[in-house]
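Working through the structure, step by step
Letter by letter, the chains look like this.
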Amino acid sequence: MTGINKAACIGGGVIGGGWIARFLLAGIDVDVFDPHPEASRIVGEVLANAEKAYAMLTGAPLPPRGRLTFCETLGEAVAGADWIQESVPERLDLKRGVLTAIDAAARPDALIGSSTSGLLPTDLQRDMTHPERLFVAHPYNPVYLLPLVEIVGGEKTSAATIKAVMERLGPIGMKGVHIAKEIEAFVGDRLLEALWREALWLIHDDICTVETLDDVIRYSFGLRWAQMGLFQTYRIAGGEAGMRHFLAQFGPCLAWPWTKLTDVVDLDDVLIEKIGQQSDEQAAGLSIRELERIRDENLVGILQALKGGDGGKGWGAGKLLKDFEQSLWAQGGGTTSFDPSKPLRLVETKVSPAWVDYNGHMTEHRYLQVFGDTSDALLRLVGVDLAYVEAGHSYYTVETHIRHLGEAKLGQAIHSTCRILDFDDKRLHVFHTLYDTATGEPIATAEHMLLHVDSKAGKATPAPAAVLDKVKAIAEAHAKLAAPEGVGRHVGQKR
């Protein structure tokens, strides 16, 4: 088994909430235990941000969102879970106690991950009965968007556990990197700590303000790091001679007295107040939630740009997103049973914050997106799935007529149905209706003509018999239904 059927999250703060959102949006049920009185609100706000980000991140059909359950006890939360993620505050005694309690209550084969950013897994697993299934899974905030997670085993962690963990990260869109040896702070935080320490000295010595320092990062090497990291960036800096020339040219600089990395700045009250005041000024009144939304939108834009890198094959985190989308398209948003004797109910969704305009209504192009998703769901049903498309054939929409009958509003549950009106060996004539799920009232309709094409040859070709037979079975059943209201109307025609 390379998937996660059920997850448990112990702790629902910034990191725990991010894990919860990552699992839920991958279609995984999550049981949560967090004694904090505001846990439900905090997790709800994180999940709302995550759903908005995912609506911007990908047009691939996400699986139905997993079920979220808040449990009264730790034991209740971990019972039956395949993957248990601990995300309690960074204190060895607290984490060790919680992980030992998880170990005692969980299934013997459950995987147990700790979200620690620096504690050693060997120290964490000391009192566990089954220490072989404990590992560090150190993610980066926001967990639902940043795909990397450092996987670190302790002295008693089994190789089978590491292998199972790495296999289960891909299907939820994450990139696992196995750190070969356990060291304090692992790899990512070691790099961040070095930069952070130097940054604190620059502020302490009044070389610059926190805003200037952030500008130096985000307008320069931060942009390079987002897509090539450190070493590949420096390889290019070495010119045609590459990394060896770069090291020979700039290596001696490492011995120059530029840095204070080995000295620890005194974070006294004066420095804390200076940084706090400058940070307040930099935020310019924006709340943490507003900053999080801005961060997410920017990250989505960067990931989307990287997805188109390397001639469309994807680059870095963008390639990971592209591969994740391919798996989502292959799954088709989950399986559904269909009754061809009535319009096919193919898409169930909710109007996301990313889909609305300034009036709080769904924007025009999102109607087309939902109707396009409906066509895609129909095509998957008749055998025109991802593998079929990759083999060089598909149906292309060549004509569309959308009617707006009502308004889809923020947070509204909506669903769409599909009718096959007519077909031949090359053409597929369909009629979709978008409904308010709560009232059953139609919100919009769309009439489409699709043409079967050989995408490599760039021309229309007959669909194979295997596809046409499935289309025919649905079309014959739908022919017995009354014609849908609005079919065949032209633009401006009165109802």
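Here we summarise the structure given alongside this text. (Residues numbered from 1 in each chain as written. Predicted model: local features only at pLDDT ≥ 70, side-chain atom pairs only at ≥ 80, totals over all residues. Heavy atoms only, no water.)

**A short note on the overall build of the protein**
Quick reminder of the rule: The helix and strand labels rest on DSSP assignments: H or I over at least four residues marks a helix, E over at least two residues marks a strand, and numbering proceeds from the N terminus. When accessible area is computed with a 1.4 Å probe and restricted to protein chains, residues below 20% of their type maximum are described as buried, those above 50% as exposed, and intermediate ones as partly exposed. Working rule for contacts: check all heavy atoms of both residues, and any pair within 4.5 Å makes them a contact. Per-residue and other accessible areas follow the Shrake-Rupley method at a 1.4 Å probe size, with only the shown protein chains counted as cover for residues.
Tallying secondary structure elements over the protein gives 17 helices and 14 strands in all. Its C-alpha atoms give the protein principal-axis dimensions of roughly 80 × 55 × 45 Å. Looking at the protein residue by residue over its 495 residues, the buried ones come to 42%. Sequence separation of 24 or more characterises 71% of the internal contacts of the protein that already satisfy a separation of 6 or more. Carbon and sulfur atoms make up 57% of the accessible area of the protein, which amounts to about 25,300 Å² in all.

**Here's the deal with helix 2 (residues 39-57)**
Applicable threshold: By this rule the span expected of a helix is its residue count minus one, scaled by 1.5 Å.
If you check helix 2, its first and last C-alpha atoms are 26 Å apart, about what 19 residues at 1.5 Å a residue would give, namely 27 Å. Among the residues making up helix 2, those that are buried are Ala39, Ile42, Val43, Val46, Leu47, Asn49, Ala50, Lys52, Ala53, Tyr54, Ala55 and Leu57. On its buried side, helix 2 packs onto helix 1 (14-25), strand 3 (68-70), helix 13 (288-307), helix 14 (317-331) and helix 15 (364-381).

**A short note on the pattern of salt bridges**
Quick reminder of the rule: Each reported salt bridge corresponds to a side-chain nitrogen of Lys or Arg within 4 Å of a carboxyl oxygen of Asp or Glu.
One pass over the structure, following the stated rule, counts 31 salt bridges. Among the ionic pairs, Lys307 bridges to Glu325, the shortest N-O distance being 3.0 Å. With a gap of 18 residues between them, Lys307 in helix 13 and Glu325 in helix 14 connect regions that are remote in the sequence. A relative accessible area of 18% means that Lys307 is categorised as buried. The partner of Glu476 in a salt bridge is Lys472, with the nearest N and O atoms 3.9 Å apart. Linking Glu476 with Lys472, this pair stays in helix 17 (residues 465-478), spanning four residues, or about one helical turn. Classification of Lys472 by relative accessible area gives partly exposed; the value is 42%. Salt bridges here are not isolated pairs; linked through shared partners, they connect Glu38, Arg41, Glu45, Arg289 and Glu292.

**A few points about a nonpolar patch on the surface**
Heads up, the rule is: Patches here: salt-bridge-free residues with over 30% relative accessible area, like charges joined within 9 Å, nonpolar side chains (Val, Leu, Ile, Met, Phe, Trp, Tyr) joined within 5 Å.
On the surface, a cluster of nonpolar side chains totalling about 480 Å² of accessible area is made up of Leu195, Trp225, Leu230, Phe231 and Tyr234. Along the chain, the position of Tyr234 falls in helix 10 (residues 231-237).

**Some words on a negative patch on the surface**
To keep things clear, this is the line we draw: Asp and Glu are treated as the negative residues and Lys and Arg as the positive ones, with His and the ends of the chain left uncounted. In this description, the location of a charge corresponds to atom NZ of lysine, CZ of arginine, CG of aspartate or CD of glutamate.
Taken together, the side chains of Glu211, Asp214, Asp266, Asp268, Asp269, Glu273, Asp280 and Glu281 make up a negatively charged region of the molecular surface. Mapped onto the negative patch, the elements with two or more residues apiece are helix 8 (210-218) and helix 12 (269-283). When residues of the negative patch are assigned to their parent elements, the largest contribution, four residues, is made by helix 12. Inspection of the secondary structure puts Asp214 in helix 8.

**Structural notes on empty space enclosed by the protein**
Rules: A 1.4 Å probe that fits but cannot get out identifies a cavity on a 1 Å grid over protein atoms alone, an open set with protein on both sides within 12 Å along at least five of seven lines counts as a pocket, and a residue lines either if it has an atom within 4 Å of a point. Grid points are joined across faces, edges and corners, and a volume is the space filled by probe spheres set on the points.
All chains considered together, the criterion is met by three cavities of 30 Å³ or more. Within this model, the largest cavity holds a volume of roughly 110 Å³. Arg22, Tyr54, Leu57, Tyr144, Leu145, Pro147, Gly173, Leu303, Ala317, Leu320, Leu321 and Phe324 are the residues that line the largest cavity. For the lining of the largest cavity, the secondary-structure elements that each account for two or more residues are helix 2 and helix 14.

**A closer look at the pairing of strand 12 (residues 427-436)**
Two faces make up the sheet, and in a regular strand the side chains alternate between them. Heads up, the rule is: The criterion for strand pairing is that DSSP finds at least two bridges linking the strands in question.
Taken across its 10 residues, strand 12 has eight buried, putting it largely inside the fold. Bridging between strand 11 (residues 413-423) and strand 12 involves nine bridges; their strand directions are antiparallel. Across the sheet, Thr417 pairs through a bridge with Thr433, a residue of strand 12. Hairpin connection, strand 11 to strand 12: the antiparallel pair is bridged by three residues. In this structure, strand 12 lies alongside strand 13 (residues 442-454), joined through nine bridges in antiparallel fashion. Considered in strand 13, the bridge of Phe431 is made with Glu447.

**Overview of the sheet that holds strand 7 (residues 148-153)**
Test applied: Fitted lines through C-alpha atoms give the axes, limited to the stretch in contact for helices. The angle between two N-to-C directions lies from 0 to 180 degrees.
Here we have eight strands laid out as an open sheet, ordered 3-2-1-4-5-6-7-8, and mixed in their pairing. The strands lining the two open edges of the sheet, one partner per strand, are strand 3 and strand 8 (175-178). Between one strand axis and the next, the sheet turns by 25° as a mean value, whatever way the strands run. As paired strands, strand 1 (residues 6-10) and strand 4 (residues 83-86) are joined by four bridges and run parallel to one another. Directly across from Ala7, in strand 4, lies its bridge partner Trp83.

**As for the pairing of strand 2 (residues 29-33)**
Let me state the cut-off plainly: Handedness of a crossover is defined as follows: with both strands directed away from the viewer, a clockwise route from the first strand across the helix to the second makes it right-handed.
The element strand 2 is largely enclosed, with a buried count of four among its five residues. Summarising the sheet, strand 1 and strand 2 pair through five bridges and their orientation is parallel. Bridging across to strand 2, Lys6 finds its partner in Asp29. A crossover connection joins strand 1 to the parallel strand 2 through helix 1; in handedness this β-α-β unit is right-handed.

From the geometry alone we can't say anything about function, so treat these as descriptive.
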